[in-house]
Amino acid sequence: MAHLSPDRLADSALGIDDPLTAAEQNHLASCAECRDELGELSRIAHLSRQPERVAPQLVPTDAIWQSIQVQLASQATAPATTEPSPEPPPSAPTIAELPRRTPKLRSWFLVAAAAVFGLIIGAGITTVAVRDRVEVTSSIPLDALPGQTGRGTAELIRDRGRPELRVQIDAPPTRDRYREVWLINADGQRMYPLGVLPDDGRATYPLPPALAGQLQGFNIVDVSIEPYDGNPAHSRESQVRGVLPT
Amino acid sequence: MTQSSHAQIVVEPGRVRVISVVDEARLEPQVVGEYIDWRAATETELSIGFARGDEACLQEVFRRLAPLIYTIAYRTLDSSSDGEEITQEVFVSAWRARDNYQAEKGSLSGWLIGITRHRIADRQRARGRDLRLVQAVTNTTDQVQPETLSTLVDRIVLTEEIGRLPHPRGTILQLAFWEGRSYPQIAEQLDLPLGTVKSHARRALRHLRTQLAEVTSWPT
């Protein structure tokens, strides 16, 4: 006889409707294909009766996501490690500091990423005395988002002790629109507007008081293109972006 | 009636644009210039954005799938710290290897779960070495055989899929599988003809079979 229909196989696996006829059972005995299919359907029906639920609230996604960003950022800027400074300045995050902020992520993976990252930051930092009492804490590239052009840098600086973000981008302003600089949380939800970016693409902004000590996860520097529509929210159109080290 | 989502996605050099999405169950993705609201994207749209290297898309993939990946790793390895490490390893390595992902070969979630299986198997092998070492030293051999990795992963994936089935199909399977109701009982409870209930159950089972095959088909 012909193969058993998908419905008959499903019925048998689910134990519904009429039991298999003698002819169907004979076919099963001689047809490996139908037997395998019935076996797999029966296995699925059996396993489905023992639910194993996902518990989203158990997942520390923020910490994991931040760690992923650190690793991806360290890969993206990896060429900077070609000439690492031999001794990273003390303000660079050390291997010992990173695990403290994400206490459960102890993999060698993360430690290695932190080590590489430390070198990058070391390379990116200038322990400046170039400008009067302005110290550059970290410096990152800002890269264009898909479909956008432009690039730039963002630097965390201390100007006579005051924490500030200095932004410089090389991208043409868009006609009839203006640009705004934001610090976005790694959760992608919360953000601080730092201020409008002048057309020459250079500006320095004081950090919000809540972030003066630590960035608290608001380590994504984002430059958005805003229409003159009176809406203070992020337009959700970004030109360039970069991730500050945590 | 249920209408499946229909998205026209225009892929051009340097951008992906979702032109229109027809789906009664959700809002359309907001298209603002080049920006795409990935939170409203379908899995197909997400997998295209992922393959193209949009980091905002990666974040949305993470938001949707990290709990599933974490649960699989946590339950199979019985350790929250291992679960967290595997989860981050899976997303980092998937992102780096995104060129290997081919949407026509299967779903993005299936691909990620495939990577997860491999990472867990590696971790279990490493543990096995440690365990054999301990046994060699302490001369103990008693070992509780844990549920096999693939069975546990299948159960987690099936639970997730059953939970995502639309009503009434999902409700019918949940009542049948999770609450042990008979099909006549379900028909009465949902006020549906018995034949309709059985027909939903058959199709749902075949759907689960397809989904599971997708998850296990990636060689990685």
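Computed from a predicted structure; not experimentally measured. (Residues numbered from 1 in each chain as written. Chains lettered and ligands numbered in written order. Predicted model: local features only at pLDDT ≥ 70, side-chain atom pairs only at ≥ 80, totals over all residues.)

**Details of the overall build of chain B**
Link 1 in the chain: Scanning chain B from terminus to terminus reveals eight helices and four strands.
Link 2 in the chain: Across the 220 residues in chain B, those meeting the buried criterion constitute 38%.
Link 3 in the chain: A fraction of 52% describes how many contacts in chain B between residues 6 or more apart in sequence connect residues 24 or more apart. (Helix = DSSP H or I, 4+ residues; strand = E, 2+ residues; numbered from the N terminus. Buried ≥ 20, exposed ≤ 12 C-beta atoms within 10 Å, placed from the backbone. Contact = placed C-beta atoms within 7 Å.)

**Overview of the packing of helix H2 (residues 55–77) of chain B against helix H3 (residues 80–96) of chain B**
When two helices pack together, their arrangement is given by the angle between the helix axes and the distance between those axes.
All names here are of chain B.
Link 1 in the chain: Between H2 and H3, the least distance of the axes is 8 Å, while the angle of their chain directions is 140°. What the angle tells us is that H2 and H3 run oblique. Both H2 and H3 take part in a crossing whose hand is right-handed. Taken together, the residues of H3 that come into contact with H2 (itself represented by Leu58, Phe62, Ala66, Ile69, Tyr70, Ala73, Tyr74 and Leu77) are Ser80, Asp82, Gly83, Ile86, Thr87, Val90, Phe91 and Trp95.
Link 2 in the chain: The class makeup of the residues in the contact of H2 with H3 is twelve nonpolar, three polar and one charged. (Axes fitted to C-alpha atoms, helices over the stretch in contact; angles between N-to-C directions. Parallel < 35°, antiparallel > 145°, perpendicular 65-115°, else oblique. Left-handed = near helix turned anticlockwise from the far one by under 90°. Nonpolar A, V, L, I, M, F, W, Y, C, P; charged D, E, K, R; others polar.)

**Describing the confidence of the model for chain B**
Regions with low pLDDT carry predicted coordinates that are not meant to be interpreted in detail.
Residue and element names in this part refer to chain B.
Link 1 in the chain: The share of residues in chain B with pLDDT of 70 or more is 73%, and the mean pLDDT across the chain is 77.
Link 2 in the chain: No element of chain B has a lower mean pLDDT than strand E2 (residues 15–22), at 41, and none a higher one than helix H7 (residues 183–190), at 94.
Link 3 in the chain: Scored below 50 in pLDDT, residues 1–33 shows 56 contacts in the model against residues more than four places distant or in partner chains.
Link 4 in the chain: For residues 140–145, every residue scores under 50 in pLDDT, and the model assigns this stretch two contacts once sequence neighbours within four places are set aside.
Link 5 in the chain: Model confidence for the complex is summarised by a pTM of 0.53, with the ipTM given as 0.71. (pLDDT = per-residue confidence, 0-100.)

**Looking at the interface of chain B and chain A**
How big an interface is tends to be reported as the loss of accessible area on association of its parts.
Link 1 in the chain: With 46 residues of chain B in contact, the opposing surface of chain A contributes 43 residues.
Link 2 in the chain: The set of elements that each furnish at least two residues to the side of chain B that touches chain A consists of H2, H3, helix H5 (149–164), helix H6 (169–178) and helix H8 (194–217) of chain B.
Link 3 in the chain: If you tally residues by element for the side of chain B that touches chain A, the top one is H3 of chain B, at ten residues.
Link 4 in the chain: For the side of chain B that touches chain A, the per-class residue count stands at 21 nonpolar, ten polar and 15 charged.

**What to know about helix H1 (residues 43–52) of chain B**
Link 1 in the chain: Among the residues of H1 of chain B, Glu45, Leu46, Ser47, Ile48, Gly49 and Phe50 of chain B are the ones counted as buried.
Link 2 in the chain: Positive phi shows up at Gly53 of chain B, right after H1 of chain B, with a value of about 90°.

**Quick notes on the nonpolar core**
Link 1 in the chain: Formed by 87 residues in total, the largest nonpolar core has its most connected members in Ile69, Leu112, Ala201 and Leu205 of chain B.
Link 2 in the chain: When residues in this core are grouped by element, the largest group, 13 residues, is from H2 of chain B.
Link 3 in the chain: Dropping the residues within four chain positions of it, Leu205 of chain B is found in contact with Ala10, Ala13, Leu14, Leu41, Ile44 and Ala45 of chain A. (Core = buried A, V, L, I, M, F, W, Y, C linked by C-beta atoms within 7 Å.)

**What to know about unusual backbone geometry**
Residue and element names in this part refer to chain B.
Link 1 in the chain: At the junction of His167 and Pro168, the peptide bond is cis and its omega measures out at 5° in the coordinates.
Link 2 in the chain: Position of Pro168 among the secondary structure elements: in the loop between H5 and H6.
Link 3 in the chain: If you check the backbone angles, Asp78 has positive phi at about 55° while not being a glycine.
Link 4 in the chain: Note that Asp78 resides in the loop between H2 and H3.
Link 5 in the chain: We note that Asp191 has phi near 55°; this positive angle belongs to a residue other than glycine.
Link 6 in the chain: Examined against the element boundaries, Asp191 turns out to sit in the loop between H7 and H8.
Link 7 in the chain: Judged by the 7 C-beta atoms lying within 10 Å of it, Asp191 is exposed.

**Points about the pairing of strand E1 (residues 134–144) of chain A**
Residue and element names in this part refer to chain A.
Link 1 in the chain: Taken together, the nine bridges between E1 and strand E2 (residues 151–159) define a ladder with antiparallel strand orientation. What sits directly across from Ser139, in E2, is Glu155.
Link 2 in the chain: Linking E1 to E2, which pair antiparallel, is a turn of six residues; within it Gly147 sits at a positive phi near 90°.
Link 3 in the chain: Relative to strand E8 (residues 238–243), E1 runs antiparallel, the two sharing two bridges. Its bridge partner lying in E8, Asp143 is registered against Arg241. (Pairing = 2+ DSSP bridges.)

**Some remarks on the confidence of the model for chain A**
Residue and element names in this part refer to chain A.
Link 1 in the chain: Here chain A shows a mean pLDDT of 76. Residues at 70 or above account for 74%.
Link 2 in the chain: Between the elements of chain A, mean pLDDT differs from a low of 34, seen in helix H5 (residues 97–101), to a high of 93, seen in helix H3 (residues 32–48).
Link 3 in the chain: Across residues 119–131, confidence stays below pLDDT 50; counting only partners more than four residues off in sequence or on other chains, it has 37 contacts.

**Some remarks on the sheet that holds strand E7 (residues 220–227) of chain A**
Residues and elements named next belong to chain A.
Link 1 in the chain: Ordered by their spatial adjacency, eight strands build an open sheet running E5-E4-E7-E8-E1-E2-E3-E6, and the pairing between neighbours is antiparallel. In this open sheet, the two strands that pair with only one neighbour each are strand E5 (191–197) and strand E6 (202–206). Taking the axes of each pair of neighbouring strands and ignoring which way they run, one obtains an average angle of 25° across the sheet.
Link 2 in the chain: For strand E4 (residues 177–184) and E5, the ladder comprises six bridges, and the chain directions are antiparallel. Directly across from Ile184, in E5, lies its bridge partner Met191.

**Quick word on the packing of H1 of chain B against H2 of chain B**
All names here are of chain B.
Link 1 in the chain: With their axes 8 Å apart at the nearest point, H1 and H2 run at an angle of 130° to one another. Relative to H2, the element H1 lies oblique. Pair H1 / H2 crosses with left-handed handedness. Facing Leu46, Gly49 and Phe50 of H1, the residues of H2 in contact are Cys57, Leu58, Glu60 and Val61.
Link 2 in the chain: Split by residue class, the contact of H1 with H2 holds five nonpolar, one polar and one charged.

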